[in-house]
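One letter stands for each residue in the lines below.
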Amino acid sequence: MAKSTIRARARLKGGTTTIKALITHPMETGQRKDKKTGKLIPAHFIQEVTCQHKGKTIVLAQWGPAISKNPYLSYQFTGAAAGDTVSISWVDNKGNKDSTSTKIK
Amino acid sequence: MKKILITLGAISIMGLAPLLATATPQSDLEEYRAYYFKKFPGIQLQDYGNGLYALDKARRFEWEASEEFPPYEEAVEIGEKLFKKYGLKTCFKKGGVGIKQNYPYFDKKTGKVRTLEKDIMACLKKKGIDTKKEKLKYKKGKFAAISAYMAYTSRGNKTNVVIPNDKRALAAYEAGKKFYYAKRGQLNFSCANCHVDSAGLMVRGNLLGPGLGQTTHWPAWRKKWAKKSAKKRGGESKPLDGLGTLQRRYGGCNKQVRAKPLKAQSEGYSNLEYFQTYMNNGIKLNGPAVRQ
């Protein structure tokens, strides 16, 4: 199994599940110039992040170039039980995607 | 009367002298710990392995949050891959897994202290690896990653440095102890000045960690080293950036007091590591760990 760009942790405490995720992605704004060539580095950033639990989309985030490199995402929701699976996936402006799933502890 | 008093005084001093002269490593260890237990009441022995995070709540909170996605995670994975790639397990007891608590040790054959890094390097050379070509240098990078992996497999094991009943071993210990308490550099500081006398105080923007427990979490991921390496590269951070061995830090500390640093894995630093780690016997290993 290839390594995912998303590292995720899901913890249940007092009825609330907290998901923390760290995504590896350059998140290039498209405004930076290459120091050596002087040319603009093309934009390459995540546009959409989806978080799902039991087939339902709990979080739909529309990101842009303002989100920094290797973004950290954290969200909380209720109504889940320990052992449930949550999944996180992203799509970027070049059409690349990745996803991961983790169990709630 | 005066003569009697003088002779009594001389006798009592001479009577005490043998007591003072019989400081053993064990008594040194107890005295060292007693100082910290008195200075920081309530902090448990095992928590000293966490250094400044045992002393400061705010920094501890930040550290515990960062442990969710530890910056050294990828470095340990790289270290494991390299360990397997070079076939290092045949050089070590238990295949090199969970053995770091026994380091440093005194090698009776050579009469010198051996650190884990020394043994790793010896193993690489034994395997015929071209360490220059592979860029395997003592203090950082890929070499430190191998050490970090081995430290990671030893987490939870209690520090167990042995000083055998050998004059040379005791001499190495004493040399390390002397180094620790000796003032050096233009700023005229000893290791003890900062980490014993001033433990818990600030030096510039950093909080000084207590000397007790300071060896348990090496190799360490230092945020300063990570920042420095990334800056050199023009801002891009890479997985091995913050990693460094204990002796890399010794060099840095010496430079900071404007003393000429010794070479990594030199006898002076290895004896120092021997003394320092012995002081932490019984404290669980928790490397690699994030520090400032």
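Small disclaimer: the values here were computed from a predicted structure and weren't measured. (Residues numbered from 1 in each chain as written. Chains lettered and ligands numbered in written order. Predicted model: local features only at pLDDT ≥ 70, side-chain atom pairs only at ≥ 80, totals over all residues.)

(A) Spatial organisation of helix α11 (residues 267–279) of chain B. Residues and elements named next belong to chain B. In this model α11 runs 18 Å from its N-terminal to its C-terminal C-alpha over 13 residues, within 8% of the 18 Å that 1.5 Å per residue would give. Burial runs high along α11: 11 of the 13 residues are buried. Inspection of α11 places Tyr269, Ser270, Asn271, Leu272, Glu273, Tyr274, Phe275, Gln276, Thr277, Tyr278 and Met279 among the buried residues, and these make up the whole buried set. Packed against the buried residues of α11 are α2 (25–39), β2 (112–114), α7 (167–181) and α10 (246–256). (Helix = DSSP H or I, 4+ residues; strand = E, 2+ residues; numbered from the N terminus. Expected span 1.5 Å × (residues − 1). Buried ≥ 20, exposed ≤ 12 C-beta atoms within 10 Å, placed from the backbone. Contact = placed C-beta atoms within 7 Å.)

(B) Quick peek at the sheet that holds strand β3 (residues 46–53) of chain A. All names here are of chain A. Reading across the sheet, the four strands line up as β4-β3-β6-β7 and stay open at both edges, with antiparallel pairing between neighbours. Unpaired on one side and paired on the other, β4 (56–62) and β7 (97–103) mark the two borders of the sheet. Ignoring which end each strand starts from, the neighbouring axes of this sheet average 15° apart. The pairing of strand β6 (residues 85–92) with β7 spans seven bridges and is classified as antiparallel. By the bridge assignment, Val86 is partnered in β7 with Thr102. (Pairing = 2+ DSSP bridges. Axes fitted to C-alpha atoms, helices over the stretch in contact; angles between N-to-C directions.)

(C) Spatial organisation of the environment of Gln47 of chain A. With respect to the helices and strands, Gln47 of chain A occurs in strand β3. Sequence separation between Gln47 of chain A and Gly14 of chain A is 33 residues; the distance between their C-alpha atoms is 33 Å.

(D) A look at the sheet that holds strand β1 (residues 6–13) of chain A. Residue and element names in this part refer to chain A. A sheet is described by the order of its strands in space; here three strands give the open sequence β1-β2-β5, paired in antiparallel fashion. The open sheet has two edge strands, β1 and β5 (72–78), and neither has a second partner. Averaged over all neighbouring strand pairs, the angle between strand axes comes to 15°, with direction disregarded. With eight bridges connecting them, β1 and strand β2 (residues 16–23) associate as antiparallel partners. Paired with Ala8 across the two strands is Ala21, which belongs to β2.

(E) Expanded view of the packing of α10 of chain B against α11 of chain B. Residues and elements named next belong to chain B. Running from N to C, α10 and α11 point in directions that differ by 110°, and their axes come no closer than 11 Å. The orientation of α10 with respect to α11, classified from their angle, is roughly perpendicular. α11 is crossed by α10, and the crossing has right-handed handedness. Mapping the contact onto sequence places Leu246, Gln247 and Tyr250 in α10 and Tyr269, Leu272 and Glu273 in α11. (Parallel < 35°, antiparallel > 145°, perpendicular 65-115°, else oblique. Left-handed = near helix turned anticlockwise from the far one by under 90°.)

On their own, these measurements won't tell you what the molecule is for.
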